[in-house]
Each structure stands twice: as structure tokens, then as C-alpha cells.
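Residues per chain are reported as follows:
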Amino acid sequence: MNKVILRKTEEIENWRRNINSEINFIPTMGNLHNGHIKLISTAKNDNSNVNLVSIFINPLQFDNKLDLEHYPKTIDDDIKISFSNGADVIFIPNNEDIYPPNKNIKLLKAPIDLSSALCGSNRIGHFDGVCTVVYRLINLIKPKNLYLGEKDWQQLLILKNLILRKKLNVAIKSIPTQRDFDGIPLSSRNVHLSKNERELIRFFSSELLKAKKNFQQEKRINLDEIIKKLSAKKISIEYLEHLHPHTLQKARLEDNISLLAGAIRCGETRLIDHVFLMKRRPIIAIDGPAGSGKSTVTKLIAKKLKLLYLDTGAMYRALSWLMIKESIDYKKEKKLQNILKDISIVFKSNTNSHQEVYINNYCVTEEIRSQKISSIVSKISSIKEVRNFLVEEQRKIGESGGLVAEGRDIGTTVFPHAELKIFLTASIDERAKRRQSDNNSKDSQEIDLNTLKELIKKRDFEDSNREISPLTKANDAIEIITDGYTINEVVNKIIDLYNDKIPKETEIK
Ligand code: PAF
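Novice: For this particular structure, what's the right way to read the overall build of the protein?
Specialist: Regarding its fold elements, the protein presents 20 helices and 17 strands. With the principal axes as the frame, the protein shows a C-alpha extent of 80 × 60 × 40 Å. Out of the 509 residues in the protein, the part that is buried amounts to 51%. Put simply, 73% of the contacts in the protein that link residues at least 6 apart link residues at least 24 apart. When the accessible area of the protein is evaluated, it comes to approximately 25900 Å², of which 49% is carbon and sulfur surface. Charged side chains of the protein number 81 positive and 67 negative; the gap between the two group centres comes to 1 Å.

Novice: Is there a simple way to explain the site of the ligand in this structure?
Specialist: Around the ligand sit Pro27, Thr28, Met29, Gln61, Val133, Asp152 and Gln155, and those are all the residues in its vicinity. In the environment of the ligand, an oxygen atom lies 2.8 Å from a nitrogen or oxygen atom belonging to the side chain of Gln61. Gln155 places a side-chain nitrogen or oxygen 2.7 Å from an oxygen atom of the ligand. Within the shell around the ligand, the residues separate by chemical class into 3 nonpolar, 3 polar and 1 charged.

Novice: Would you mind going over the state of the cysteines with me for this structure?
Specialist: Two cysteines whose sulfur atoms are joined by a covalent bond form what is called a disulfide. Taken as a whole, this structure holds 0 disulfides when the rule is applied. Just so you know, Cys119 is unpaired, no disulfide at all, and the nearest cysteine sulfur is the one on Cys131, 14 Å from it. Cys119 gets classed as buried once you look at its relative accessible area, which sits at 5%.

Novice: Help me understand helix α7 (residues 126-141), please; the structure alone is not making it clear to me.
Specialist: For the α-helix, the turn length of 3.6 residues means that residues three or four positions removed from each other point alike. With 16 residues, α7 should cover 22 Å at 1.5 Å per step; its first-to-last C-alpha distance of 22 Å lies within 8% of that length. Judged by how many residues are buried, α7 sits mostly within the fold: 14 of 16 residues are covered. One or two positions beyond α7, positive phi appears at Lys142, with a value near 50 degrees.

Novice: In this structure, what is going on with the pairing of strand β15 (residues 403-407)? I would like to understand it.
Specialist: Every other side chain in a regular strand lies on the same face of the sheet, so the side chains alternate between the two faces. Burial analysis of β15 places 5 of its 5 residues in the buried class, which makes it a mostly covered element. Side chains Leu403, Ala405 and Gly407 of β15 all project onto a buried face; the interleaved residues Val404 and Glu406 project onto the opposite face, where all are buried too. Note: strand β10 (residues 283-287) against β15, 5 bridges, orientation parallel. Across the sheet, residue Asp287 finds its bridge partner in β15, namely Gly407. Across 4 bridges, strand β11 (residues 308-311) lies against β15 in parallel orientation. Each residue of the ladder has a partner; that of Asp311, found in β15, is Glu406.

Novice: For this particular structure, what's the right way to read the sheet that holds strand β16 (residues 420-425)?
Specialist: Neighbouring strands of a sheet are bound in pairs by backbone hydrogen bonds; such pairs are parallel or else antiparallel. The strand order across the open sheet built from 5 strands is β11-β15-β10-β16-β17, with neighbouring strands paired in parallel fashion. Each edge of the open sheet is held by one strand with a lone partner, namely β11 and β17 (478-481). Within the sheet, the average angular offset between the axes of one strand and its neighbour, ignoring direction, is 20 degrees. Here helix α11 (residues 294-305) sits on the sheet in contact with β10, β11, β15 and β16, set at roughly 175 degrees to β15. Here helix α12 (residues 312-325) sits on the sheet in contact with β11 and β15, set at roughly 50 degrees to β11.

Novice: How should I be thinking about the nonpolar core in this particular structure?
Specialist: Side chains that are nonpolar tend, in soluble globular proteins, to be buried together. Grouped together as the largest cluster of nonpolar side chains are 69 residues, with contacts concentrated most on Leu52, Phe91, Ile141, Ile284, Ile301 and Ile494. Beyond its immediate stretch of four places on either side in the chain, Leu52 contacts Ile12, Trp15, Ile23, Asn24, Phe25, Ile26, Val89, Phe91 and Ile141. One finds Leu340, Ile359, Ile380 and Val391 within the second-largest nonpolar core, a separate group that totals 37 residues.

Here is what the cut-offs are and how they apply
- Residues numbered from 1 in each chain as written.
- Predicted model: local features only at pLDDT ≥ 70, side-chain atom pairs only at ≥ 80, totals over all residues.
- Heavy atoms only, no water.
- Helix = DSSP H or I, 4+ residues; strand = E, 2+ residues; numbered from the N terminus.
- Buried < 20%, exposed > 50% of the residue type's maximum accessible area, 1.4 Å probe, protein only.
- Contact = heavy atoms within 4.5 Å.
- Areas by Shrake-Rupley, 256 points an atom, 1.4 Å probe, with all protein chains shown as cover.
- Lys, Arg positive; Asp, Glu negative; His and termini not counted.
- Charge placed at Lys NZ, Arg CZ, Asp CG, Glu CD.
- Near = heavy atom within 4 Å.
- Polar contact = N/O pair within 3.5 Å; in protein donor to acceptor, adjacent residues only side chain to side chain.
- Nonpolar A, V, L, I, M, F, W, Y, C, P; charged D, E, K, R; others polar.
- Disulfide = S-S within 2.5 Å.
- Expected span 1.5 Å × (residues − 1).
- Pairing = 2+ DSSP bridges.
- Axes fitted to C-alpha atoms, helices over the stretch in contact; angles between N-to-C directions.
- Core = buried A, V, L, I, M, F, W, Y, C linked by side-chain atoms within 4.5 Å.

None of this, on its own, says anything about what the molecule does.
Set out below in C-alpha cells:
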């Protein structure tokens, strides 16, 4: 595609009419650095959409005239950097194009709860200005994806909220904060720093990164201690807060992921930095009835997000296998408890990266899928002792997080604090059709559709009405009805939900 520079709003409209591709949009205020380059190159590598970079220093988001005047302007370099890193089109409007005096562009307000926290308390009107310009740009460009940096985490939350509020059909894609060689976050304002000021911000960032490391071990944070250390270096702190990463309210004890964010002043320059504190890596819980597509979807998600795949059903099946093999009478409670004590179930990846299930060192991956096991697993999984034992085992596997688990009670019982809970389901008609066309289940192919529907209804009833851990949707689970969707569409939807909740930065060690 020819590289294009557009300056007028009419040019954007004409250009858009003549392309037959979706648009990735990377809004910037110029003075591009490696953080912007990462945004542009991520967009380029994500898909084959057209990449449009805008360069516009938005006066509405500056509460200080001098700050606006001094904002670094490097347009010739910005054009070169954008094109050489994957931009196809650069939009460089001026003030009159974005805010035409005769058009009376509506000024937007950012939501009070998100915009009054952190930077909002000192930068009055800043986020209103950001919302106004981004809304205007989105309406002109009509992108499919909007690429933003997590460096401005509060801005990212406010823009996500804007997209929801205005019902815009745009997906936000974020990238982690990009740091310079000395650990300080890349920012256009860094050019204003003297050597001494740079040293101070380096100290500030390194204290945040240290706090993140300590938190992994100690699961607690002492804000006063950090403030004392910063003050001893005569660093002028505007704020340093420990908050919930999405609501920006005070962090609670039960929050697995929280935000430690601060702003300091170095001479005339104000700089922000943050880290995410994590007790363990994230967990996705996927529950749902038989035939909803859980296993296929969960396996693919684990692969794409590089998470451990915890197939809790396989654990119940493995236990059922052992009961048959060792002729254990599972109705005898006392004996059962003694037997359970000596059982170990582990998952291991084989050379083809397929997950194998072992029970007491027997590899049972294939055998547990037999009809014989299918016919008793439901009974065995409704025994209280079995349930308690396996839930504990599952929690042990999930202690440090980093997994996606599927089952029927994951979000309600096993991991009630999972970061993302999905309830995957499909209509009875759809599930019966899927079972009939399932090549692995020969018996189902021979049963007529109406009988299959009745069997599914019966299984749903049993699963949802059993005494222990019945199949129910957790209050905070997102229900996805998979009728009419391809597997990939469902997987991508869940990955989008995950990316929306979990900062990309949490993936960085
Ligand atoms: O983050 C920025 O550079 C700006 O706030 C943005 C999103 C380009 C809007 O002017």
C-alpha cells in the first residue's frame, strides 16, 4: 500500500471511502519514541488491517499553557518513524480540522469516579480533553482497533469506559509500559529531564519495581516506607496510591491484582509511573453443561495465552479409572477416605505438547475417555469425599495461578476469586446436533436426535440439582451462548474479555 499523509478531515473521509480494509488506529501527540514504535509495530503484526497513526497535540488536554507551548514537536522525524515501523497512513490535522469553529464540536466529560483519582486531582479537565479528542478522531477514522499504551493506565480505563458509554464498535488493544535502558518509562516528556532529574525518576521507578518484586513474596505493601525513601531523596511526590486496577478505588485485601501508581515532580516536569502487584498469576474459570464446547475452547485458550490447562473432568475420570482398576467400593466412605490420601493426579506435557493425565504414575490419558468410565464418572463425582479431595488438589495446582480450568464448579467452588469467569452454554438442540456429529462418540451417532435431546436434558437436570457443587453460573460469570458461533469466534471473544481485564504488563516477570 502507498504511504499516505492526510491533513484535512475531508481527506480522511475520502480516503476511508476508497479502502476496503479495516483500520488499526494509533493516536499520538508526536515526538515518537520506542513506546509509540511498539504500538505501531504491534498493530502491524496483529492483523492485515491498514495502520493509521494520528499526530495531533490536543490543546484541550493541557491545563497549563506553558506546558502546551513546550510540548516537544518533531514532526519530520515522527513521519519517518511512523512509516518505517508499519504505519500506512499518517493523519496530521491542525486545530481547526479537529475543532472547526463553525461546527460546535461537543466537549465530553470523563466519568467522575475514574477521572478524579490519581492524575485527575491535579490536572483538572485533562481527561475531558482526552475523551473529546479521541471521540472526535474515532468518529472521523472509524477504526476497528484502537492501540493504546498501558503506561497511561488511567487514560486507558477512561477511554475503555468512553467506548462502552458511546457504544462504539471499536476494540481497544493495549501494550505494556515500555521502559528505557535505566528502567524509567518512555515518555515524550523525558527530553526535558536534566541528568539529576533523570536520576530521581530512575530511583522512583526502581522503588516501584522493587515493591512489585517484594509483593510477590510478602503479599503486602508498605506505602509509608516507600514514601519515606522517596522523601529522603527529596523527591517531590504528587501522589502514591495502592488501588484496585479497574475501579481506582482503594485496593482491598482480597484483590489478587492491584495497582501501585505514583506521580512525581522533577523541576518543571511531572512524571508518572506504576506497577501491578500480583499475589498469583491470573486464573480463568470456564464452567458449563456437557456439550457446550468447553474442552475444545479451554484447550485453545490455554495454548494461545500460554496458560496451564486444568481439565478437572479428567481428574474425576482418572479417579473413576482407578476405582475400577483396583476394584474399590466407592460406596464405603471410611475406606474411600483412606484410599484418597494416597492418590496423586498430575498433568504432564508430552513431546507433542499434548497434556497427559497420570494417576499414581499410570498414564491414563486415552483410557479415561472410554464409555465404561463415562458411565460411572457422574456417580463418582457426586460423592462428597471425592469432591472435597479433588477440589483441594485443584486448588493446589492453582496456587500460583497462570491457568485456565474447565468444569462445572470452577467459578463457584474451586476458584471463586478467578479473574475471569465464563459460563459456556448452548441450546439443547445445538448440543444434541454437536453430539451426533461428534466422531469420537460413536454411541451418540446411532441415537436419534430427539432421544439425544432428552438425554442431555436429563444430564443437565442431574448436574444442576446434585447436592454437592451443582452446576450453576457464578454471579460474576459472563454467559456465552455458543449457538451459531465458530470455535475460533468463541475463543477470540474469551481472549478479548481476558485482555480487557488483565493488564498486558502482568505478563512481564
Ligand atoms: O496518550 C496520548 O498521547 C494522548 O492522550 C492521546 C491518546 C493521543 C490523545 O490526545
